[in-house]
Amino acid sequence: MNPRIRLLTLAALALAALTPAMAQDKWPSKPIEIIYPYPPGNDMDVVTRLLAEGMSKRLGVPVQVINKPGGGGVVGFAEMVKAKPDGYTIGTWTPGPGISQIVAGNTPYKMGDYQSVGGMLINDFVLATRGDIPAKNLKEFGEWAKKQGKPVIIASYAPAAVPALLTARVARKDGWPYKVVAFPNPTAKELVAGDADMSTAGAESTLSYAKAGQVKVVSSWGPKRNPLYPNVATLGEDGYGDLYVWGGMAAPAGVPKEIIQRLSTVMMEALNDKPVQDQFRKAGIPALPMSAEQMSRRVADDTKWISEMMTELGMAKK
């Protein structure tokens, strides 16, 4: 081969090898969209928007939150999963659309279609009971429940919703009968009205009822005790396992690892911003600063117990 042609060929090959790296180095060069698969206005939505602001400052491009509710989070999560894997469309998620809905066969995607970006927060669920029930904790509630001669009515989103599955895990371990009744937004109000014996309610919304003695909080969910209920034990402390309902960020499968790591880093940095920390304290929500790798391990652990529980209850797709 002519030396000059050979030199030009080698130069062209070298340039071609550098092109992907050069293109990747330009990320991000346009706005990033975070799909939030639930309605606006709740605590997780507020935190997501505050995180978006912090991520935008660090990445140097606009980061905007788009609400796409429907199907218990499946509609918005499906749109994120099917987006181009270039790091410009990511999503906020919970174990519902990411695990239990898949196990139930209610999604147009599978677990291999997405990847974790990192952990954001722990959803502030507590288990509250009617104020007249003579129980101060889960063990005492279980003893009371077994003496009733009828199923305990649990107010939750749906029998296959993760908060309901967690409660079912407790009930089945302790051997008391139960029935899950679906409410659009279960709170302490169902307990005060006498429509349920126990509710998977939000920590902040339950606080005023608990202070007034109208309800009792017998369990808080998280790796640590909820700051709003410092005297209430976690599921882990009571021997039911390190289980809780979390919120995180995910991206379509195929987004380059370098971009996932960058997104994960700026998200965790933004978790420490004062507006975000203030919101956590206000709502009694613990932060969950997990890297992509840590969150992936958490998802694997939760997938195992959720799949086992749903199979035991006959809710898993065969």
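As shown above, the structure is provided for reference.
Counting of residues starts from 1 at the beginning of each chain's written sequence and follows it residue by residue. Per-residue local features of the predicted model are confined to residues with pLDDT of at least 70, and side-chain atom pairs are confined, for both listing and counting, to 80 or more; whole-chain, interface and lining totals are unaffected and use all residues. Computation of side-chain values covers all heavy atoms of the structure but excludes hydrogens and water.

Caption draft 1: Representation of the nonpolar core in the model. Counting residues in hydrophobic clusters, the biggest one holds 51 residues, and the most contacted among them are Phe-141, Trp-176 and Met-198. What is meant by a nonpolar core is a set of buried Ala, Val, Leu, Ile, Met, Phe, Trp, Tyr and Cys residues, joined one to another through side-chain atoms within 4.5 Å. Between buried and exposed lies partly exposed: a residue is buried under 20% and exposed over 50% of the maximum accessible area for its type, with that area taken using a 1.4 Å probe on protein chains only. Membership of the second largest hydrophobic core comes to 35 residues, among which are Trp-27, Ala-52, Ile-260 and Leu-271.

Caption draft 2: Here's a closer look at the side chain of Thr-187. Secondary structure elements are taken from DSSP: a helix is a run of H or I of four residues or more, a strand is a run of E of two residues or more, and numbering for both begins at the N terminus. Summarising the element assignment, Thr-187 is placed in the loop between strand E7 (178-182) and helix H7 (189-192). Throughout this description, a polar contact denotes any pair of N or O atoms lying within 3.5 Å of each other; where both atoms belong to protein, one of them has to be capable of donating a hydrogen while the other can accept it, and for residues adjacent in sequence the pair is counted only when both atoms sit in side chains. There is a polar contact of 3.1 Å between the side chain of Thr-187 and the backbone nitrogen of Lys-189. Setting aside anything within four residues of it in sequence, one finds Thr-187 in contact with Ser-199 and Ala-201. Contacts: residue pairs with any heavy atoms within 4.5 Å of one another.

Caption draft 3: Molecular detail of the sheet that holds strand E6 (residues 152-156). Judged by pairing direction, the sheet is mixed, and its five strands sit side by side in the order E7-E6-E8-E5-E9 without closing on themselves. The sheet is open, and its two borders are formed by E7 and strand E9 (215-220), each paired with just one other strand. Across this sheet, the average inter-strand angle for adjacent strands is 30 degrees, counted without regard to direction. In this fold helix H6 (residues 162-174) packs onto strand E5 (125-130), E6, E7 and strand E8 (198-202), with an angle of close to 170 degrees to the strand it touches most, E7. Each pair of strands is called paired provided DSSP finds at least two bridges between the two strands. Axis definition: a line fit to C-alpha positions, over the contact stretch in the case of helices; interaxial angles, taken between N-to-C directions, run 0 to 180 degrees.

Caption draft 4: Expanded view of helix H10 (residues 274-283). Residues of H10 that are buried include every one of Val-276, Gln-279, Phe-280 and Ala-283, and no others. Down the axis of H10, the buried set is contained in an arc of 100 degrees. They therefore lie on one face. The exposed residues of H10 that point more than 90 degrees off its buried face are Lys-274, Arg-281 and Lys-282. Buried residues along H10 sit in contact with helix H2 (43-59), strand E4 (114-122), helix H8 (203-211), helix H9 (257-270) and strand E11 (287-290). Just downstream of H10, Gly-284 is the residue with a positive phi angle, here 70 degrees. This arc is built from the directions going out from the helix axis to the C-beta atoms.

Caption draft 5: Structural detail: the packing of aromatic side chains. By convention, a stacked pair of Phe, Tyr or Trp rings (six-membered ring in the case of Trp) has centres within 6.5 Å and planes under 30 degrees apart, an edge-to-face pair has planes over 60 apart, and any other such pair is tilted. With the rule as written, the count across this model stands at 11 aromatic pairs. With 5.1 Å between their ring centres and 75 degrees between their planes, Phe-77 and Tyr-114 make a pair best called edge-to-face. Of this pair, Phe-77 sits in helix H3 (residues 74-81) while Tyr-114 is found in strand E4, placing the two residues 37 residues apart along the sequence. Stacked on the ring of Tyr-88, the Lys or Arg Lys-30 has its end atom at 4.7 Å from the ring centre. Only when the NZ of Lys or the CZ of Arg is both within 6 Å of the ring centre and within 35 degrees of the ring normal is a charge said to sit over the ring. Against the face of Tyr-244 rests Arg-298, its NZ or CZ located 4.1 Å from the ring centre.

Caption draft 6: Up close: H9. What a helix is expected to span follows from its residue count: subtract one and scale by 1.5 Å. End to end, H9 covers 20 Å across 14 residues, agreeing with the expected 20 Å (1.5 Å per residue, within 8%). Listed as buried for H9 are Ile-259, Ile-260, Leu-263, Ser-264, Val-266, Met-267 and Ala-270.

Caption draft 7: Quick look at the sheet that holds E11. Read from one edge of the open sheet, six strands run E2-E1-E3-E10-E4-E11, paired in mixed fashion. Looking at which strands have only one partner, the edges of the open sheet turn out to be strand E2 (63-67) and E11. Neighbour-to-neighbour, the strand axes of the sheet open up by a mean angle of 25 degrees, direction not taken into account. In the sheet, strand E1 (residues 32-36) pairs with strand E3 (residues 89-93) via three bridges, with the strands oriented parallel. Each residue of the ladder has a partner; that of Ile-34, found in E3, is Ile-90.

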